[in-house]
Amino acid sequence: MTTIDRQTSTKWNRLVRQAVEHVLGPRTGWREGAGIDRVALNPQPLPPRSLFLAALSQGLISSTELLQEFAGAMFEDEERGIIVIGGYVNRFVDDFCGNGFRLNWVIPGPPPHWFPTELSGADLLVLASHFAQATKEVLGWEMQGILAAAGARFAEVGVLRMQAF
């Protein structure tokens, strides 16, 4: 893995950690492997991998909403804030759709079998569906456009990856 690959995969560690915590529960209740065992033993409404990807996309969407609030407070011109938010979302999409991108397991111990270090076409389609749903929930046509474009890109690359196999 090159230095650029490491930088790319580590810049999203906060979102990955939050998504893992959503699947495994709060970090304070973990013992060595306890959270992972809990997921492995209990039936889940979604498979842990899909639940993780849903939480990951929701983490990014929540971050964009927070950025939108900050941008509204910092800039008199809303357009500057939308440009910043669009850049943030585009970096996320570019990284996750990029060849050779790997997620880091950010919790002590080995990753569970469901943790996607590499994203498959199906994984990208899961992300696409969550971004498409978010366009119905966020306020402002600019944010809806940014998230719709992200969802479309995830869907496009996801389908291409699935066709490649």
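Definitions and limits used
Residues numbered from 1 in each chain as written. Predicted model: local features only at pLDDT ≥ 70, side-chain atom pairs only at ≥ 80, totals over all residues. Heavy atoms only, no water. pLDDT = per-residue confidence, 0-100. Contact = heavy atoms within 4.5 Å. Helix = DSSP H or I, 4+ residues; strand = E, 2+ residues; numbered from the N terminus. Buried < 20%, exposed > 50% of the residue type's maximum accessible area, 1.4 Å probe, protein only. Phe/Tyr/Trp six-rings, centres within 6.5 Å; stacked < 30°, edge-to-face > 60°.

A. Structural context of the confidence of the model for the protein chain. Per-residue confidence for the protein chain gives a mean pLDDT of 81; residues scoring 70 or more make up 78%. Low pLDDT, under 50, characterises residues 1–8; the predicted model gives this stretch five contacts beyond four residues in sequence or across chains. Residue range residues 29–35 is modelled with pLDDT below 50. Its contacts to residues more than four positions away, or to other chains, number seven contacts.

B. Seen up close, the environment of serine 50. With respect to the secondary-structure elements, serine 50 resides in helix α4 (residues 48–74). Judged by its relative accessible area of 22%, serine 50 is partly exposed. Between the C-alpha atom of serine 50 and that of tryptophan 114, which follows or precedes it by 64 residues, the distance is 8.9 Å.

C. Layout of the packing of aromatic side chains. Throughout the structure, instances matching the rule amount to 13 aromatic pairs. On the numbers, 5.6 Å between centres and 55° between planes, the contact of tryptophan 12 with tyrosine 88 is tilted. Taken together, the residues span a long stretch of sequence, with tryptophan 12 in the loop between α1 (3–10) and α2 (13–24) and tyrosine 88 in helix α5 (residues 78–97) at a distance of 76 residues. Here the two residues tryptophan 12 and tyrosine 88 agree in accessibility, since each one is buried. Looking at tryptophan 12, the relative accessible area reads 3%, which means it is buried.

D. Structural context of the side chain of threonine 64. Note on placement: threonine 64 falls in helix α4. Ignoring any residue separated from it by four or fewer positions in sequence, one finds threonine 64 in contact with Ile85, Tyr88, Val89 and Met143.

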